[in-house]
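Coordinate inspection notes
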There are 2 protein chains.
Amino acid sequence: MKAAQPVLIDGDWRAADVVDTFRAEDPARAVAIGAHYPVSGARDLERALAAASSAAEALVQVPAWRIAAFLDAYADAIDANAAELVDLAHAETALPVSPRLADNELPRTSNQLRQAAAAARSYAWTLPTIDTKTGLRSHFAPLGKPAVVFGPNNFPLAFNAVAGSDFASAIAARNPVVAKAHPLHPATSQRLAELAHEAVLATELPAASVQMLYHVPEALGPALCRDRRVGAVGFTGSRGGGLALKRAADEAGVAFYGEMSSINPVFLLPGALGERGAALALEFFTSCTLGSGQFCTNPGLVVVPRGEAGDAFIAAAAAHFDGAAPGVLFSRGVLKNVQSGIARWREAGATRLGGSEGADGAGYRFAPVLFGVDGAGFLRAPAALQSEAFGPASLVVRCDGIGEMLAVAHALEANLTGTLYVAADGSDDEAASRLANVLRPRVGRLIENHMPTGVAVSPAMQHGGPYPSASHAGFTSVGMPAAIRRFAALHGYDRVPDARLPPELRDRNPGGIARLVDGVWTTADVL
Amino acid sequence: MKAAQPVLIDGDWRAADVVDTFRAEDPARAVAIGAHYPVSGARDLERALAAASSAAEALVQVPAWRIAAFLDAYADAIDANAAELVDLAHAETALPVSPRLADNELPRTSNQLRQAAAAARSYAWTLPTIDTKTGLRSHFAPLGKPAVVFGPNNFPLAFNAVAGSDFASAIAARNPVVAKAHPLHPATSQRLAELAHEAVLATELPAASVQMLYHVPEALGPALCRDRRVGAVGFTGSRGGGLALKRAADEAGVAFYGEMSSINPVFLLPGALGERGAALALEFFTSCTLGSGQFCTNPGLVVVPRGEAGDAFIAAAAAHFDGAAPGVLFSRGVLKNVQSGIARWREAGATRLGGSEGADGAGYRFAPVLFGVDGAGFLRAPAALQSEAFGPASLVVRCDGIGEMLAVAHALEANLTGTLYVAADGSDDEAASRLANVLRPRVGRLIENHMPTGVAVSPAMQHGGPYPSASHAGFTSVGMPAAIRRFAALHGYDRVPDARLPPELRDRNPGGIARLVDGVWTTADVL
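The rules behind the values
Residues numbered from 1 in each chain as written. Chains lettered and ligands numbered in written order. Predicted model: local features only at pLDDT ≥ 70, side-chain atom pairs only at ≥ 80, totals over all residues. Helix = DSSP H or I, 4+ residues; strand = E, 2+ residues; numbered from the N terminus. Rg over C-alpha atoms; globule rule 2.2 N^0.38 Å. Buried ≥ 20, exposed ≤ 12 C-beta atoms within 10 Å, placed from the backbone. Contact = placed C-beta atoms within 7 Å. Pairing = 2+ DSSP bridges. Axes fitted to C-alpha atoms, helices over the stretch in contact; angles between N-to-C directions. Nonpolar A, V, L, I, M, F, W, Y, C, P; charged D, E, K, R; others polar. Core = buried A, V, L, I, M, F, W, Y, C linked by C-beta atoms within 7 Å. Domains from an automatic or database assignment. Least-squares fit on C-alpha atoms with pLDDT ≥ 70 in both. Expected span 1.5 Å × (residues − 1). Right-handed = clockwise from strand over helix to strand, strands pointing away. pLDDT = per-residue confidence, 0-100.

Looking now at the overall build of chain A. From N to C terminus, chain A includes 15 helices and 23 strands. Taken over C-alpha atoms, the radius of gyration comes to 24 Å for chain A, in line with the 24 Å a tight globule of 527 residues would show. In terms of its C-alpha atoms, chain A occupies a principal-axis envelope of roughly 70 × 65 × 40 Å. A burial count over chain A gives 61% of its 527 residues as buried. The long-range share in chain A, meaning contacts at least 24 apart out of those at least 6 apart in sequence, stands at 75%.

As structure tokens, this is what we get:
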């Protein structure tokens, strides 16, 4: 048993069942930093699941306002400790302090927890439905079982397993969370978990409502998903990792919500290129290299028509890539992965148009790169050429007019987003409509005239898409209250008297909850 | 190639790819009746999926009112041909013409199609959500891919693969349906498919919007679910069959909605037994033997406290079973299945309290039977004693007071329903609340003071439950508009101009669609 930081299990920071230890790295220098953290063995999982199962039974009885109070208290604690959290996340990820971590991601994290609190308080996620003729009432309700959340490498705060959207969603639906943090940022996750645990104690939730493990051996991730005590799993990460966990969850009938992979195709229509090609080249370059390209909504495929405007766009974009300094990636694994993705493109016939794909300098540095292929070449090897190269790399497809652009769209697999750039003067409208029809079933979010990076926490967000960009086309992992409904069961009540109904289904509605009563949305009492 | 009835593929009744043929049976006489029907080979599946994929693309563009017109026209045709449909279903299932088929199931079938039409017309299933600050809009939308529907043996009309709730739901969301009828009632399914096809032609939907196969070899069911061209699968039937199809769908990331198995526990509290034990005995017996017990919501487990009132209830119930004439089951398979279910109970220590479990007389006859076990015995073998014996058979568990009733509830697996009978005078209230808390996460629909048979088509119905009573705890297979949302994708629009938005997300809202605009449900325009 090696010395390692404690894990948060069953309401306390406890000595872990240490099967191995690891440390974070400073990606800018490729040197280990910080404390030694445990890789947890099966005994930790068992203790966490047993405690979470008890907490799940207790949480079902906790009133919604107390869940909201916890989420708000945790949000306040994150804001109060912003500078420390940003420093920790910066050290472990090399993401810029400002604007990325301090001005965008941290406020987004606390804001998301507050939106979850508001949705808990308003019962908006429960869709209370009342049929007075039959005496039937239904709503979305807690699972009565814990949720397991796997955090990704690329948002140490806003998608952290113990602070992000899956966490906030699962808790808002009154389910305890067993968080499996991402091992690339353990100190950030530790500090967040400390704040979450303090908020649990301060608001008197069941102590095991929030638990966290830093890391588990590869076989134990699926073991966690396959455990029938688990109500649902939230996952953000790679396609390979996600599908392995999904298989395990599917075997046991555990609901699995994975947000996995996407190349986010962008179609630039001729009129738009004519109007503002140079501006679009900069907009594209900026989006593709933001956060060293380590976004699930990174524009990884850009489809342009041949011709003067298209050629000028490509030349301008290539020049931006040529002039770009190397960015720091999260880890040696991320670096190797983008390099092997690019190798796949090259084998499939793509050539470098701009940038260096150089990996010079200290740490995990990689220079942004733009590749290109013509439409016919793309259509000969669509699978290889739409494989994700996670990082600041993108592939331009040069097409012979709208016909070939449509053919490329038809060859696309599932994506989180699809984007059209359309002229203001109406000259692209017909082509845009045809492309939108082809893209629509292939993407979760259809965008016009701006880049896909930037995922607002909004009730109307769809951050999800068809399989396998996500695990189920009917859900989103971002946006309250919809994201909460992933962690819910549909409960029916059949002529159950008022006293034994949950508050949002009772006749009297003093809180003015929006309810679908006999087919009409109303905040009134049932008479 | 044998002679057989044609299948409905790609808009026409065509000669099937016949790998075998079969006939229906009159279950009351165990003799084959009617025409020879085909078991379809892989070529039929391929033709149907190819045609359905094209129809899916076309259906996305069809306005909602035309979908509604189809559903209404089909409902009218079912009503206009009610006598013929009822006769066909009666001949193939031996279910009583009246009241079951003519007065309940047939009107329920057409009513359900009309409710789906109304939900299509009102866009209620799409949950349109608009965030004016960010320019984001979202709604539930067609899958853009066909749905495959597997019908069960026990509702030849209301859950028929080509007429029932899954069919109506999938079509209302503008997805074509490939129906896999249940082979026990081919002539009923054929006549329904003829009426559906005529309605497709009359309302000018894409001709392959409705297709039907009568039967497929065992390996082709999973092959159909594993096909990536399929958007979603709806299944009603046995746990074994459902889980085999679910595994296949899961492999391919195809959404699977199965309504599988349930024993529907009923808890009779002491006060209720004291108030009306004799009436409850008759109510229970009637529910358990309705339709020869072949309901997914059949009360298969009854939990009663020992003591005078409980003993009197059991004696009265046993007397009803003793006096019951044998009923006709659907098939030799159903008969064998209920017998083997009862054998499992007996091996696990249950004994016969009433009825004969006799299988005398012509056809697949079986006499209703009541078994019993004490609470300690149930808790020694909870898995065997809560295995489903599909048919007119139920198991009474005699408990030592509320403590043991709670222990039995704790030992229950997932069910579609759970029922409490509670005294009117308030004397059971505390026990009822404790039992309800234990049952709540284990069942889809919590019922008070009436039997679980009878599943109203209501917006507040939950006909589903935790896994493995159903495949996903968040969905219902009955009740509009919720059941429609199973066959939908969540689509986001990000600053897409009005002209390229679907009607329910545009600024102007001339149809008065209920929409969630900036957090408030409204039928107003967006200004």
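Take the sheet that holds strand 15 (residues 351-355) of chain B next. Ordered in space as 23(A)-22(A)-5(A)-6(A)-21(A)-20(B)-19(B)-12(B)-13(B)-18(B)-17(B)-15(B), the 12 strands form an open sheet in which the pairing is mixed. On the outer flanks of this sheet lie strand 23 (520-522) of chain A together with strand 15 of chain B, each paired with one strand and no other. Going from strand to strand, the sheet's axes swing by 25 degrees on average, the running direction of each strand aside. In this sheet, strand 17 (residues 369-374) of chain B lies alongside strand 15 of chain B in antiparallel orientation, the contact comprising four bridges. Its bridge partner being in strand 17 of chain B, B:Gly355 is matched across the sheet by B:Val369. Against the sheet, helix 14 (residues 401-410) of chain B makes contact with strand 12 (265-268), strand 13 (301-305) and strand 18 (393-399) of chain B, and its axis sits at roughly 135 degrees relative to strand 18 of chain B, the strand it touches most.

On to the interface of chain A and chain B. Each side of the interface is counted separately: chain A has 56 residues, and chain B has 56 residues. Only strand 5 (129-131), strand 6 (136-142), helix 15 (429-439), strand 20 (443-448) and strand 21 (488-494) of chain A provide two or more residues apiece to the side of chain A that touches chain B. When residues of the side of chain A that touches chain B are assigned to their parent elements, the largest contribution, seven residues, is made by strand 21 of chain A. For the side of chain A that touches chain B, the residue count by class is 27 nonpolar, 19 polar and 10 charged. Pairing between strand 20 of chain A and strand 21 (residues 488-494) of chain B: three bridges, direction parallel. When the bridges of strand 21 of chain B are listed, A:Leu446 appears paired with B:Tyr493.

On to the sheet that holds strand 5 (residues 129-131) of chain B, then. Sheets are built from strands that pair by backbone hydrogen bonding, the pairs being arranged parallel or antiparallel. Spatially, 12 strands are ordered 15(A)-17(A)-18(A)-13(A)-12(A)-19(A)-20(A)-21(B)-6(B)-5(B)-22(B)-23(B) in an open sheet, and the strand pairing comes out mixed. A single partner strand is all that each edge strand has here, and the edge strands are strand 15 (351-355) of chain A together with strand 23 (520-522) of chain B. Geometrically, the sheet is characterised by an average inter-axis angle of 25 degrees between neighbouring strands, direction not taken into account. With five bridges connecting them, strand 13 (residues 301-305) of chain A and strand 18 (residues 393-399) of chain A associate as parallel partners. When the bridges of strand 18 of chain A are listed, A:Pro305 appears paired with A:Cys399. Helix 11 (residues 332-347) of chain A contacts strand 17 (369-374) and strand 18 of chain A of the sheet and is inclined by roughly 20 degrees relative to strand 18 of chain A. On top of the sheet, helix 15 of chain A reaches strand 12 (265-268), strand 19 (415-421) and strand 20 of chain A; it is set at about 175 degrees to strand 19 of chain A, its chief contact.

This part is about the nonpolar core. Counting 378 residues, the largest nonpolar core has A:Leu71, A:Leu268, B:Leu71 and B:Leu268 as its most contacted members. Once residues within four sequence positions are removed from consideration, B:Leu268 is found in contact with B:Leu273, B:Leu280, B:Val302, B:Val303, B:Val304, B:Phe313 and B:Tyr421.

So, on to the domain arrangement of chain A. All names here are of chain A. We note that the domain assignment places domain 1 (44-121 + 139-260 + 475-484) and domain 2 (265-448) within chain A. Between domain 1 and domain 2, the residue contacts involve eight residues of the former and eight residues of the latter. For the side of domain 1 that touches domain 2, the class distribution of residues is three nonpolar, three polar and two charged.

Expressed as a screw operation, the relation of chain A to chain B combines 0.0 Å of axial shift with a rotation of 180 degrees, fitting to an RMSD of 0.0 Å. Each copy turns onto its partner about a two-fold axis. The fraction of interface residues of chain A whose copies in chain B are also interface residues reaches 100%, indicating that both copies meet through the same surface.

We now examine helix 3 (residues 82-93) of chain A. Residues and elements named next belong to chain A. The end-to-end C-alpha distance of helix 3 is 16 Å, a good match for the 16 Å that 12 residues give at a rise of 1.5 Å each. Those residues of helix 3 that fall on the buried side of the exposure criterion are Leu85, Val86, Leu88, Ala89, His90, Glu92 and Thr93. Tucked into the core, helix 3 has its buried residues touching strand 3 (18-26), helix 2 (64-80), helix 4 (97-122) and helix 6 (186-202).

Before going further, it helps to examine the pairing of strand 11 (residues 255-259) of chain B. All names here are of chain B. With five of its five residues buried, strand 11 lies for the most part within the structure. Alternating residues of strand 11 divide into Ala255, Tyr257 and Glu259 and Phe256 and Gly258, and every residue in both groups is buried. Both strand 10 (residues 232-236) and strand 11 contribute to a ladder of five bridges, which runs parallel. Its bridge partner lying in strand 11, phenylalanine 235 is registered against glycine 258. Taking the sense of rotation as the criterion, the β-α-β connection linking strand 10, helix 8 (residues 239-252) and strand 11 turns out right-handed.

In this section: the environment of A:Pro441. Within the secondary structure, A:Pro441 sits in the loop between helix 15 and strand 20. You can call A:Pro441 buried: it has 21 C-beta atoms within 10 Å. Note: C-alpha distance between A:Pro441 and A:Ala414 (27 residues apart in sequence) is 8.3 Å. Residues contacting A:Pro441, with those up to four places away along its chain left out, are A:Pro466 and B:Gly144.

This part is about the confidence of the model for chain A. Residues at a pLDDT of 70 or more form 100% of chain A, whose mean pLDDT is 97. With a pTM of 0.98, the predicted complex shows an ipTM of 0.98.

Next up on the list: the pairing of strand 19 (residues 415-421) of chain B. Residues and elements named next belong to chain B. With seven of seven residues buried, strand 19 lies mostly within the body of the structure. Summarising the sheet, strand 19 and strand 20 (residues 443-448) pair through five bridges and their orientation is parallel. Pairing of glycine 418 across the sheet is with leucine 446, part of strand 20. In terms of handedness, the path from strand 19 via helix 15 (residues 429-439) over to strand 20 forms a crossover that is right-handed.

For the rest of this paragraph, the subject is helix 10 (residues 308-322) of chain B. Between its first and last C-alpha, helix 10 of chain B extends 21 Å over 15 residues, near the 21 Å set by a 1.5 Å rise per residue. The inward-facing, buried residues of helix 10 of chain B abut strand 12, helix 9 (270-289), strand 13, strand 15, strand 17 and strand 18 of chain B.

It is worth spelling out the environment of B:Ala28 at this point. Residues and elements named next belong to chain B. Secondary-structure assignment places alanine 28 in the loop between strand 3 (18-26) and strand 4 (31-40). Residue alanine 28 is classed as partly exposed on the basis of its C-beta count, with 17 C-beta atoms lying within 10 Å. Once the C-alpha coordinates of alanine 28 and alanine 431 are considered, the two residues, 403 residues apart in sequence, prove to be 45 Å apart.

This paragraph deals with unusual backbone geometry. Cis geometry marks the peptide bond from A:Tyr467 to A:Pro468; its omega dihedral reads 5 degrees. Considering the arrangement of structural elements, one finds A:Pro468 in the loop between strand 20 and strand 21. That bond from A:Met480 to A:Pro481 is cis: its omega, 5 degrees, falls within 30 degrees of zero. Of note, A:Pro481 is situated in the loop between strand 20 and strand 21. With a phi close to 50 degrees, A:Asp518 is a non-glycine residue in the positive phi region. Note on placement: A:Asp518 falls in the loop between strand 22 (515-517) and strand 23. Its 14 C-beta neighbours within 10 Å are what place A:Asp518 among the partly exposed residues. For B:Arg495, which is not glycine, the phi dihedral falls at a positive 55 degrees. Here B:Arg495 lies in the loop between strand 21 and strand 22 (515-517).

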